[in-house]
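Secondary and tertiary structure notes
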Amino acid sequence: MNAELDQSTNAKGQKPWPVIIMLVMLFSVIIAGMLLVPRTEEQKLWWLSILGTNNYGELINPPIELAGQILDSEGNPWSDDMETPWKLVLMSQGACAADCQQIAEFATRVHARMNKLAPELKRGYLSIGSGSGPDASLDYETLQAPNLDFPALLEETNVPPLSDGPLLFVMNPLEVIFLYYTTEHEGVGMLEDIEHVIELSH
């Protein structure tokens, strides 16, 4: 009888540590989830820039903010156009040579294959220095950035310099470029990336 009483007393005296630990872990996950849920469109697009692609392209670290810096050929704002919120910006150093024409052509084909999402994207060409752009039949808008030192911005990121070859950037509606492609990337991967981020932003 005394042995049974001792066992009962010991059982009551033991603290339920496994249960407490499980509850702490559960509530930690719930709280972390609540903190990470984007509450604004800006936060949502930021997370898309980091996690929203299939990573066929190269993520820019850190992403580059270009608020109001990209203009069309007449000097009007181009990058803040909300009617066409997503942009492809092709850049090269000097004239658009053969490798630049190559990436321009496959980006044009990708855009054409986006079907219902195509109206949410437009393409532009920015030459760093003087030089002609892609073939007119590819329908790239001519851009300018008179107050932007783009080569200096690239030096602060993981993006290779334009002297290594042309680059195609993806810009989100917040005027942030967060993804880039070179001539070594394939159009199929670019199509999946761009469709993915646009669909997730809806």
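The structure we're discussing is the one just above.
Basis of the calculations
Residues numbered from 1 in each chain as written. Predicted model: local features only at pLDDT ≥ 70, side-chain atom pairs only at ≥ 80, totals over all residues. Heavy atoms only, no water. Helix = DSSP H or I, 4+ residues; strand = E, 2+ residues; numbered from the N terminus. Expected span 1.5 Å × (residues − 1). Contact = heavy atoms within 4.5 Å. Phe/Tyr/Trp six-rings, centres within 6.5 Å; stacked < 30°, edge-to-face > 60°. Buried < 20%, exposed > 50% of the residue type's maximum accessible area, 1.4 Å probe, protein only. Lys NZ or Arg CZ within 6 Å of the ring centre and 35° of its normal. Disulfide = S-S within 2.5 Å.

Under the 1.5 Å per step criterion, the end-to-end length of helix H4 (residues 98-112) is 21 Å for 15 residues, consistent within 8% with the ideal 21 Å. Buried residues along H4 sit against strand S3 (86-93), strand S4 (121-128), strand S6 (167-171), strand S7 (176-181) and helix H6 (187-201).

Applying the stated criterion across every chain yields a total of three aromatic pairs. Between the aromatic rings of Phe150 and Phe169, the centroid separation amounts to 5.5 Å while the plane-to-plane angle is 65 degrees, which identifies the pairing as edge-to-face. You can see Phe150 sitting in helix H5 (residues 150-155) and its partner Phe169 sitting in strand S6, a full 19 residues away along the chain. When its relative accessible area of 1% is taken as the criterion, Phe150 is described as buried. Taken together, the ring pairs connect Phe150, Phe169 and Tyr180 into an aromatic cluster. The ring centre of Tyr140 lies 4.8 Å from the NZ or CZ of Arg123, which sits over that ring.

Cis peptide bonds are those with omega within 30 degrees of zero, and the linkage from Asn61 to Pro62 qualifies with -5 degrees. Mapped onto the fold, Pro62 is located in strand S1 (residues 58-65). Despite not being glycine, Asp139 shows a phi value in the positive range, around 60 degrees. We note that Glu175 has phi near 65 degrees; this positive angle belongs to a residue other than glycine. Look at Glu175 and you get buried, because its relative accessible area is 10%.

With that settled, the discussion passes to the state of the cysteines. The final tally for this structure, using the stated rule, is one disulfide. Each sulfur in the disulfide pair Cys96 and Cys100 lies 2.0 Å from the other. With the S-S bond torsion at -95 degrees, the cross-link from Cys96 to Cys100 turns out left-handed. With relative accessibility at 8%, the residue Cys96 sits in the buried group.

Here we come to the environment of Gln144. Looking at the secondary structure, you find Gln144 in strand S5 (residues 141-144). For Gln144, a relative accessible area of 27% corresponds to the partly exposed category. When the C-alpha atoms of Gln144 and Ile70 are compared, they prove to be 6.1 Å apart, with 74 residues separating the residues in sequence. Ignoring sequence-local partners within four residues, the contact set of Gln144 consists of Gln69, Ile70, Leu71, Asp72, Ser73, Glu74, Gly75 and Leu126.

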